[in-house]
Amino acid sequence: MDLNQITPTGTRCLNCGATVSETDKFCTKCGFPVKGTEEEQGAYRYKIEHRKKLLKDANQKIRRARTTLYIMAGLCFLAGLFFSFSDNILDGVVYLILALFYLIMVAWSNRQPFAAMPTSLIVFITIQLLSAIVDPVYLFKGIIIKVVIVIAFVRGVQSAKDAQRLNEELSQFNAKPFGAE
Amino acid sequence: MKSCRNLTQSLLEPNDQLLEGDEQLAQPIACPSCGNSLYAGASFCGNCGKGLSVTESTESSNIFQQLSTTLIFYFLLLALLLVYKLSSDDSVELLWFMDGLVSLVTIFFAIATRRYFIGKFSFHKVRPATMALVILGAIGAAIAVDFVAGLLNAGLFEEDVYETLIFQDTAYPVMFAILSICIQPAIFEEIAFRGFVFSNIADVSNDRSAIYISGFLFGIMHLSVVGLFWLVPLGLAAGWLRYRYNTLWYGMFAHFTYNLTIIMLEFYRLGQFE
């Protein structure tokens, strides 16, 4: 038997329920200060609650970005139908493809927000630049809405990264990931 | 000879060896913070409470700053491509100038991020059987895409699109087409998208995100909406090869073979070989 394989015997951790050796001051599973003062234990709990709150905020921003994606998909779909019925088949197909793309991004952002959000942001900016080349005036059409969309995506990217980090940290503390969708 | 290669190998990529090896070996048995001996599988030190696997960071780091390599490269490349598309000049000289410029930009980024390329060009990771499979896969994909793209172009644009027409008036159309369409992209697009873009995203997030984002960027960068249907899957496949085998060689050879097959089919249709 390896020396390191000895399982600790002793009390149970109040935070995660793992067995804690009597010589240990901290739980080796979740880092809870089992022998700490009430203040230290409170600080530990606050650390977790604080992260849960941050994670909730981040998830809310991701949801907002996802709603933006839904709206984009809807608008592109309507534009696609409009162009298809007004005999501009090529533009119609392009818009329908874009609608499909944004819908894929919606589904994907549920599973992997950090991959879906930067991709959506970059695709959106690229399309705007491409359109501006064909017709420079296009860039300024609905500029306020475009800025709002970009801000929603930028926040989505940052929040997706934050959520990823917070989930990792919370799982390390053996606390249930909060607000995970 | 073999031992000599192994020695260079171990000198060149100490990080790789550590990552590929058993992670238990890399973990210290004593706490790095207080020196207390640790239980196997412990996530925290029992003596000082220090977290052992994930580093705790209190403030959220700026993701756009961390991704700056990828973002600056992508938008710089996009700007170059847009300027090229804007200019109504479709002379072969301008194409070569743009190819050269894109190559230089890529080399500049590759040098600036050279730590990402440690061990990525070593031949010892390349297995001939895998390489043969990758090349066969690239030929198969090229034939399939050529067929589908032909149908789509005929249906949507009512005309055939020829990539190689620009080289028809040059002295050696086939040679220049191979140089410009097969060799240049196979080297520089791979160094960019499977090189520093992939590694940059993997650094910030994880390998899965790196495969997806680099694949999508690769597809979008070609500026063809219809083309996304095959360019994104191809980018994802190349990203997976990079992730699975940790080398750039498979991606480069697959890219070269794919593009070569596409233009050979085109030359065949144009009657170049008759």
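Just above sits the structure.
Sequence positions are assigned chain by chain, starting from 1 and proceeding in written order. Throughout, the order in which chains and ligands are written sets their labels, letters from A for the former and numbers from 1 for the latter. Reporting of local features is limited, given that this is a predicted model, to residues whose pLDDT is at least 70; pairs of side-chain atoms are given and counted only at 80 or more, and all residues count toward the totals for whole chains, interfaces and linings. With hydrogens and water set aside, each side-chain value is computed from the structure's full complement of heavy atoms.

A.B. asks: Which residues make up the overall build of chain A, and what values do they have?
C.D. replies: Helix and strand assignments come from DSSP, with helices taken as H or I runs of at least 4 residues and strands as E runs of at least 2, each series counted from the N terminus. Looking only at helices and strands, one finds 4 helices and 2 strands in chain A. Throughout, the radius of gyration refers to the C-alpha atoms, and the reference size of a globule is 2.2 Å times the residue count to the power 0.38. For 181 residues, the compact-globule estimate of 2.2 N^0.38 gives 16 Å, and chain A exceeds it by more than 25% at 24 Å. With respect to the principal axes defined by its C-alpha atoms, chain A has extents near 80 × 35 × 20 Å. Only protein chains enter the accessibility calculation, which uses a 1.4 Å probe. A residue is then buried if its area is under 20% of the maximum for its type, exposed if over 50%, and partly exposed in between. Buried residues in chain A amount to 43% of all 181 residues. Contacts spanning at least 24 positions in sequence make up 51% of the contacts within chain A whose residues lie at least 6 apart. Here chain A has roughly 10000 Å² of accessible surface; of this, 65% comes from carbon and sulfur atoms. As used throughout, the charge tally considers Lys and Arg to be positive and Asp and Glu to be negative, leaving His and the chain termini uncounted. Lys charges are placed at NZ, Arg charges at CZ, Asp charges at CG and Glu charges at CD. One way to put it: in chain A the 21 positive side-chain charges average out to a point 3 Å from where the 15 negative ones average out. Only heavy atoms matter for contacts: two residues are in contact if any of them lie within 4.5 Å across the pair. The accessible surface values rely on the Shrake-Rupley method and a 1.4 Å probe; as for residues, cover is taken only from the protein chains in view.

A.B. asks: With reference to specific residues and values, describe the interface of chain A and chain B.
C.D. replies: Interface size is commonly expressed as the accessible surface area that is lost when the partners come together. Each partner contributes residues to the interface: chain A has 49 residues there, and chain B has 50 residues. Reported buried area values correspond to the accessible surface (1.4 Å probe) lost by two parts on association, with both partners' losses combined. The junction of chain A with chain B conceals about 4100 Å² of combined surface from both sides, 67% of it contributed by carbon and sulfur atoms. Here, a salt bridge means any Lys or Arg side-chain nitrogen found within 4 Å of an Asp or Glu carboxyl oxygen. Summed over the shared surface of chain A and chain B, the number is 0 salt bridges. Throughout this description, a polar contact denotes any pair of N or O atoms lying within 3.5 Å of each other; where both atoms belong to protein, one of them has to be capable of donating a hydrogen while the other can accept it, and for residues adjacent in sequence the pair is counted only when both atoms sit in side chains. Here chain A is connected to chain B by 5 residue pairs in polar contact (both at pLDDT 80 or more). Those elements giving two or more residues to the side of chain A that touches chain B turn out to be helix H1 (38-85), helix H2 (89-111), helix H3 (113-134) and helix H4 (143-172) of chain A. With 12 residues, H3 of chain A is the single largest residue contributor to the side of chain A that touches chain B.

A.B. asks: Mind laying out the packing of aromatic side chains, listing which residues take part and the relevant values?
C.D. replies: Any Phe, Tyr or Trp ring, taking Trp's six-membered ring, that has another such ring centre within 6.5 Å forms a pair; planes under 30 degrees apart are called stacked, those over 60 apart edge-to-face, and the others tilted. Under the defined criterion, the tally for this structure stands at 24 aromatic pairs over all chains. An angle of 35° between the planes, with centres 5.5 Å apart, marks the rings of Trp108 of chain A and Phe216 of chain B as tilted. With Trp108 of chain A in helix H2 and Phe216 of chain B in helix H9 (residues 207-221), this residue pair bridges two chains. One exposure class covers both Trp108 of chain A and Phe216 of chain B, and it is buried. Members of the aromatic cluster, each reached through a chain of ring pairs, are Phe73, Phe108, Phe109, Phe117, Phe121, Phe123, Phe193, Phe196, Phe218, Trp249 and Phe253 of chain B. The ring centre of Tyr138 of chain A lies 4.0 Å from the NZ or CZ of Lys146 of chain A, which sits over that ring. In this structure, Arg244 of chain B is placed above the aromatic ring of Tyr245 of chain B, and the distance from its NZ or CZ to the ring centre is 4.9 Å. Put simply, a charge is over a ring when the Lys NZ or the Arg CZ is close to the ring centre, within 6 Å, and near the line of the ring normal, within 35 degrees.

By themselves these figures say nothing about function.
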